[in-house]
Amino acid sequence: MERHLDQDLSALKNELLRMASLTERSLAEAMKALVQRDDELAHRVDEYDNDLDQLQIEIDDRCIKLFALRQPTAGDLRFVAMSMKICTDLERIGDQSVNIAHRAIELNKEPLLKPLVDIPRMADHARGMIHDALDAFVYAKPDLAREVIRRDDKIDLLNKQLHRELTSFMIEDPTTITRALNLMSVAHNLERIGDHATNIAEEIVYLYEARDIRHQHNAA
C-alpha cells in the first residue's frame, strides 16, 4: 500500500511539473508576441491554454483518486491538497498569459505607443517568481518560497508607475486611449500573475512546514 502511494505521489509531482513548464512557456511566448509584435505567436498561446486546461482536469482527477483510494495522512495529505491548489494557480497564470496574448494582437493593429520597458521588467519579475516558487516546491525550500512572496511588491510598484504614466498619455492625447488601456491590461495581468506566484509560494510553505502564512505579509 505504501509503495503504491509513493508511486502515485511521484506521478502526481511529475504531472504538476509538466504543467508548470507549460505555464512558464505560455507566459514567455505571450510576452515575446507582445514585444516582437507577432500575431502568429500570440495565437499559439491559446493552444497552450487548452493543454493547461486538460492538465488541470487530469491532475484534479488524480488527486481525488488519491484521497479516495490511498487515504494519505500528514505530509502526504498536505502534498495532495497543495498540489490541487498549485494546479489551480498554474491554470490561472495560463489564463492571464492568454489575456496578454490577446492584448498583443490588439496592440499590433496600431503604431507602438511607447517603448516597452516597464512591462518586460514586470514579466521578468513574474517569470522569476514562478520559477523560484517551483524550485522551492521541487527541492523543499520554504525559505526560498518566502523570498518569492517578498518580491511581489516589485511587480505591484511597477504596475502603479506604469498606470500613472499611461494615464498621463490618455489625458494629453485622447487618440492614445485604446493603446494605453491595452497596455494597462497587460500590466494588470502581469500583476495578477505575480499574485498567483505568491499563492504558490504560500502553499509551498504550508506543504513543508504545516504553517499557513496567507495574508501575513499583507498585514505586515
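Just above, that's the structure.
In this text the structure is predicted, and so the values were computed from the model without any measurement.

Novice: Looking at this structure, I do not really get the overall build of the protein. What am I missing?
Specialist: Scanning the protein from terminus to terminus reveals 7 helices and 0 strands. Counted from the first residue to the last, the protein has its helices and strands arranged as α-α-α-α-α-α-α. In terms of overall size, the protein behaves like a compact globule, its C-alpha atoms giving a radius of gyration of 19 Å where 220 residues would be expected to give roughly 17 Å. Its C-alpha atoms give the protein principal-axis dimensions of roughly 65 × 40 × 20 Å. The buried share among the 220 residues of the protein stands at 45%. In the protein, 82% of the contacts between residues at least 6 apart in sequence involve partners at least 24 apart. Just so you have it, the protein exposes about 11000 Å², and 49% of that area is on carbon and sulfur atoms.

Novice: Mind showing me how you'd approach the packing of aromatic side chains here?
Specialist: Centre distance and the angle of the planes are the two values used to describe a pair of aromatic rings. In this structure the tally under the stated criterion is 1 aromatic pair. Look at phenylalanine 79 and phenylalanine 137: their rings are 5.8 Å apart centre to centre, the planes differ by 15°, and that puts the pair in the stacked class. Of this pair, phenylalanine 79 sits in helix 3 (residues 74-107) while phenylalanine 137 sits in helix 4 (residues 118-138), placing them 58 residues apart in sequence. Like phenylalanine 79, the residue phenylalanine 137 is buried in the burial classification. The side chain of lysine 13 reaches across the aromatic face of phenylalanine 137, ending 5.8 Å from its centre.

Each value, and the rule that gives it
Residues numbered from 1 in each chain as written. Predicted model: local features only at pLDDT ≥ 70, side-chain atom pairs only at ≥ 80, totals over all residues. Heavy atoms only, no water. Helix = DSSP H or I, 4+ residues; strand = E, 2+ residues; numbered from the N terminus. Rg over C-alpha atoms; globule rule 2.2 N^0.38 Å. Buried < 20%, exposed > 50% of the residue type's maximum accessible area, 1.4 Å probe, protein only. Contact = heavy atoms within 4.5 Å. Areas by Shrake-Rupley, 256 points an atom, 1.4 Å probe, with all protein chains shown as cover. Phe/Tyr/Trp six-rings, centres within 6.5 Å; stacked < 30°, edge-to-face > 60°. Lys NZ or Arg CZ within 6 Å of the ring centre and 35° of its normal.

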